[in-house]
Amino acid sequence: MDIDDLRTRILAGERRALARAITLVESGRADHRADALRLLESLKGHGREALRVGLSGTPGVGKSTFIEAFGLMLTAQGLKVAVLAVDPSSARSGGSILGDKTRMERLSRDKGAFIRPSPSQSQLGGVARRTREAIDLCEAAGFDVVLIETVGVGQSETMVAEMSDLFLLLLAPAGGDELQGVKRGIMEMADILLVNKADGELKRQAIRTCADYAGALRLLRKRPQDPEGFPKALPVSALEEEGLQKAWDEMTALADWRRAEGHFAARRAAQARFWFEAEVRDRLLARLAREPLKGAMKTMAGQVENGEISPSAAAEELLRTHLMLE
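Computed from a predicted structure; not experimentally measured. (Residues numbered from 1 in each chain as written. Predicted model: local features only at pLDDT ≥ 70, side-chain atom pairs only at ≥ 80, totals over all residues. Heavy atoms only, no water.)

Counted according to the given criterion, the structure contains 28 salt bridges. For E26, the salt bridge identified is with R116, shortest N-O distance 3.2 Å. Pair noted here: E26 is in helix α2 (residues 15-26) and R116 is in strand β3 (residues 113-119), with a separation of 90 residues, a long-range link. Beyond isolated ion pairs, a larger network of salt bridges with shared partners links R33, R130, R132, E133, E279 and R283. (Salt bridge = Lys/Arg side-chain N within 4 Å of Asp/Glu carboxyl O. Helix = DSSP H or I, 4+ residues; strand = E, 2+ residues; numbered from the N terminus.)

Moving on: unusual backbone geometry. The omega torsion of the bond from F230 to P231 falls at -5°, within 30 degrees of zero and hence cis. Examined against the element boundaries, P231 turns out to sit in the loop between α10 (203-218) and β7 (232-235). A positive phi is found at K197, a non-glycine position, where the angle reads about 65°. For K197, the location among the structural elements is in the loop between β6 (192-195) and α10. The residue E241 is not glycine, and still its phi comes out positive at about 55°. With respect to the helices and strands, E241 occurs in the loop between β7 and α11 (244-261).

Another point: the packing of helix α4 (residues 63-76) against α11. When two helices pack together, you describe them by how their axes are tilted relative to each other and by the distance separating the axes. With their axes 10 Å apart at the nearest point, α4 and α11 run at an angle of 75° to one another. With respect to α11, the axis of α4 lies roughly perpendicular. Contacts between α4 and α11 involve F66, A69, F70, M73 and L74 from the first element and L244, Q245, W248 and M251 from the second. (Axes fitted to C-alpha atoms, helices over the stretch in contact; angles between N-to-C directions. Parallel < 35°, antiparallel > 145°, perpendicular 65-115°, else oblique. Contact = heavy atoms within 4.5 Å.)

This part is about the side chain of R130. Looking at the secondary structure, you find R130 in the loop between β3 and α7 (131-140). Given a relative accessible area of 10%, R130 falls into the buried group. Those residues in contact with R130 that sit more than four places away from it in its chain are V25, E26, R33 and E279. (Buried < 20%, exposed > 50% of the residue type's maximum accessible area, 1.4 Å probe, protein only.)

With respect to the helices and strands, R223 occurs in the loop between α10 and β7. The exposure class of R223 is buried, given its relative accessible area of 12%. One polar contact links R223 to D191, side chain to side chain, over a distance of 3.0 Å. Beyond its immediate sequence surroundings of up to four residues, R223 is in contact with E188, M189, A190, D191, P231 and R258. (Polar contact = N/O pair within 3.5 Å; in protein donor to acceptor, adjacent residues only side chain to side chain.)

A cluster of nonpolar side chains, F276, V280 and L284, forms an exposed patch at the surface whose accessible area comes to about 270 Å². Summarising the element assignment, F276 is placed in helix α12 (residues 263-288). For F276, a relative accessible area of 54% translates into the label exposed. (Patch = residues over 30% accessible without salt bridge, like charges linked within 9 Å, V, L, I, M, F, W, Y side chains within 5 Å. Areas by Shrake-Rupley, 256 points an atom, 1.4 Å probe, with all protein chains shown as cover.)

As structure tokens, then:
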């Protein structure tokens with residue numbers, strides 16, 4: 001693979017090259033991984049910066065509908081929008097539907113937008129393992145906004161906050177005890193809560209729900225990276241395309257404030273460190289899955305099953321003997 005040619009085409013904004021590069025970084029083959037690392041290193045220092053927006057939400061809340069309406073509004077303003085949509089993978093077959101382009105039919109035809117669905121595989125956190133690297137590629141290709149849609153709400157969904165500048169939580173009105181159901185962890189990570197489906201008969205309920213969440217947010221400890229009034233809850237209607245501009249204005253205001261106060265750059269630096277440490281952990285786990293460690297793991301697992309050694313003692317012995325870790 002001609003990495004230099006691929007780099008040139010990505011910097012020129014060629015979508016086919018971008019799609020090929022994302023496929024490359026998602027590949028599990030060793031030779032592909034080596035090429036992917038060469039490509040990513042060659043793209044460092046391109047000087048382009050996109051606003052990275054993570055988006056999560058409860059199942060059926062209308063994430064895809066919101067992203068399409070929101071994306072179309074941004075492209076109409078002359079902005080280039082990339083959507084990285086993560087689909088859940090089957091625990092049995094490992095397959096994914098990858099139907100986000102079908103659900104975002106209008107946005108997928110927009111020349112100012114790029115949509116890339118990816119399988120989550122076994123990765124926790126609502127994002128695919130290489131989503132962070134795909135974001136870097138979209139940024140290098142000249143996109144102004146990168147939207148990262150996660151699998152769905154859960155305790156592990158906070159992982160997307162480690163790769164985005166802003167984290168949006170999309171919620172539905174009339175959710176009953178949903179306020180209690182949404183985990184505190186994800187509430188604390190969200191920058192803006194958007195109550196979707198604020199239209200028709202649900203509009204009044206959406207406004208009440210929005211007020212409830214606003215009250216709940218005031219009880220959370222204030223974060224140093226937030227100006228007065230954030231995080232906040234806003235009503236939106238993806239169906240009628242209402243409240244989208246207001247939400248975008250709040251996002252840009254928050255991002256601008258963080259840039260001016262130095263939080264934006266500091267956050268990205270902390271994220272880079274986080275992913276470095278995560279990559280080291282992943283590499284160590286990968287070594288355990290290969291021979292000769294794979295055989296040693298199997299032998300030790302048998303001893304644990306037979307009660308010959310405790311799980312903790314077995315793990316310590318394996319790491320000390322084979323990885324020279326204390």
